[in-house]
Protein chains: 2
Amino acid sequence: MESNGKNSLNDGTNGKVGTKGSTLWVCELVFRLVCVATTLAAAVVMGDAKETEQVPLQLTPSLPAVLYPVTAKSSYSSAFVYFIIANAIACGYSIISLGGAIANRGRRGKLAMLIFIIDELMLALLFSGNGAAAAIGNVGENGNSHVGWNKICNVFTKFCSHVKISVILSLVGALNYVFLALISIISLHKKDT
Amino acid sequence: MESNGKNSLNDGTNGKVGTKGSTLWVCELVFRLVCVATTLAAAVVMGDAKETEQVPLQLTPSLPAVLYPVTAKSSYSSAFVYFIIANAIACGYSIISLGGAIANRGRRGKLAMLIFIIDELMLALLFSGNGAAAAIGNVGENGNSHVGWNKICNVFTKFCSHVKISVILSLVGALNYVFLALISIISLHKKDT
């Protein structure tokens, strides 16, 4: 109880937390901070992915090839745009939920419930964005000869590195949302058993 | 308690469930059954997606175009293969977890905890598979003129319909895993408050 002194986080069955609960609460804050950082970085790195290269272009067989500037940009792919929006939404929500988690101090209640529900939606949003970006990144890396989609990463190496880094960053953020869901359930489970 | 008679599902604080808990348990079984059906259907429909069309091919400008058989197949795309594997794993797990949920009868404990953890992984797996398949399906539908990837759905209409249907089916399965996570937390939350 609050009257117990040192530990300001409470114990018992009235929706408050004990020492184990406070450890989980600290873990939750750390995970939310990591989510803010990784999703922000993923959105920025993907949004910033732009590269212009001089590509040889053969106009007629009798003339030598001319160099033509071609640009690869994340906004050219709807999957990458979706990825950026998903990470931006997750980042914004991670900041708000961090504030909510600090205010809630690990207690169970309607706020914790609401946070859990939106956490699940963020998890789904981030993993679908990751899947989409990784799939397009994979075609960019290897191409698909069956449908005539040529690989582009042999030309746009910097662009593809940006894509890879942002997918890894976003994956870390998405996995953090899995951990946050586990913290929620462990927190309730510990009290329950 | 079990000695209460008619209701075989228990009430109280010893990890057993009451009337509300039994309603949640029935909902859980229904959601898991839907997961089995949708992920199985998604994997089968995508795995079965194959179409051969006669595409006109201009060998030389002086000769008329010849018709050449071209095949579109889900196994030609690593994103679609990943989607099939993800749905097959989720389907297999859904069957096992349905058995586990029936055996557990809505009680809280280590089995419920384990099921929740794997549910979260399935949610992540399905959403990433959906994102990947939807992204490639989108390029197939609209192409990407910036990198010279031509759309294929104007030729392979049946193949693309299969892809769309399987993504929708898998999305329903994935959303069911969100509902299952909510059931787990509501179930614990109800007892907690």
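Computed from a prediction, not measured in an experiment: that's the story for all the values here.

> Just to check I follow, could you spell out the nonpolar core for this structure?
Considering soluble globular proteins, one finds that nonpolar side chains tend to be buried as a cluster. Residues Phe80(A), Ile136(A), Phe159(A), Phe80(B), Ile136(B) and Phe159(B) are the most contacted members of the largest nonpolar core, which totals 40 residues. Membership of the second largest hydrophobic core comes to 30 residues, among which are Cys35(A), Ile115(A), Tyr177(A) and Leu180(A).

> So what exactly am I meant to see when it comes to helix H3 (residues 110-142) of chain A here?
The periodicity of an α-helix, 3.6 residues per turn, causes residues three or four positions apart to be oriented the same way. With 33 residues, H3(A) ought to run about 48 Å at 1.5 Å a step, and its terminal C-alpha atoms sit 48 Å apart, in line with that. Within two residues after H3(A), Gly143(A) carries a phi angle of roughly 70°, on the positive side.

> What should I look at first to understand the relation of the copies chain B and chain A in this one?
The operation relating the two chain copies consists of a rotation about an axis and a shift along that axis. Taken as rigid bodies, chain B and chain A are interconverted by a rotation of 180° and an axial shift of 0.0 Å, the fit giving an RMSD of 0.0 Å. Such a turn and shift between the copies fits a two-fold axis.

> Mind showing me how you'd approach the interface of chain B and chain A here?
A common measure of how large an interface is: the accessible area buried when the components associate. Facing 42 residues of chain B, the contacting portion of chain A comprises 42 residues. Taken together, both faces of the contact between chain B and chain A bury some 3,600 Å²; the carbon and sulfur share is 74%. Where chain B packs against chain A, one counts zero salt bridges. One can count six residue pairs in polar contact (both at pLDDT 80 or more) joining chain B with chain A. Listed by contribution, the elements that provide at least two residues to the side of chain B that touches chain A are helix H2 (78-104), helix H3 (110-142) and helix H4 (157-192) of chain B. It is H3(B) that provides the largest number of residues to the side of chain B that touches chain A, a total of 17 residues. Partitioned by chemical class, the residues of the side of chain B that touches chain A number 22 nonpolar, 15 polar and five charged.

> Whenever I open this one, the environment of Gly137(A) confuses me. Can you help?
All names here are of chain A. The topology assignment puts glycine 137 in helix H3. C-alpha of glycine 137 to C-alpha of proline 56: the two residues are 81 residues apart in sequence and 23 Å apart in space. Those residues in contact with glycine 137 that sit more than four places away from it in its chain are Phe80 and Val163.

> Quick question: what am I supposed to make of the state of the cysteines here?
A covalent bond bridging the sulfur atoms of two cysteines is what the word disulfide describes. All names here are of chain A. For the structure on display, the rule yields two disulfides over all chains. Bridging cysteine 153 to cysteine 160, the disulfide has an S-S length of 1.9 Å. Sign of the S-S torsion, about -85° for the bond between cysteine 153 and cysteine 160, identifies this disulfide as left-handed. Both residues of the pair, cysteine 153 and cysteine 160, count as buried. Looking at the unpaired cysteine 35, the closest cysteine sulfur is the one in cysteine 91, lying at 9.6 Å. On the basis of relative accessibility, which here comes to 0%, the residue cysteine 35 falls in the buried class.

Thresholds, definitions, all that
- Residues numbered from 1 in each chain as written.
- Chains lettered and ligands numbered in written order.
- Predicted model: local features only at pLDDT ≥ 70, side-chain atom pairs only at ≥ 80, totals over all residues.
- Heavy atoms only, no water.
- Core = buried A, V, L, I, M, F, W, Y, C linked by side-chain atoms within 4.5 Å.
- Buried < 20%, exposed > 50% of the residue type's maximum accessible area, 1.4 Å probe, protein only.
- Helix = DSSP H or I, 4+ residues; strand = E, 2+ residues; numbered from the N terminus.
- Expected span 1.5 Å × (residues − 1).
- Least-squares fit on C-alpha atoms with pLDDT ≥ 70 in both.
- Contact = heavy atoms within 4.5 Å.
- Buried area = accessible area lost by both parts, 1.4 Å probe.
- Salt bridge = Lys/Arg side-chain N within 4 Å of Asp/Glu carboxyl O.
- Polar contact = N/O pair within 3.5 Å; in protein donor to acceptor, adjacent residues only side chain to side chain.
- Nonpolar A, V, L, I, M, F, W, Y, C, P; charged D, E, K, R; others polar.
- Disulfide = S-S within 2.5 Å.

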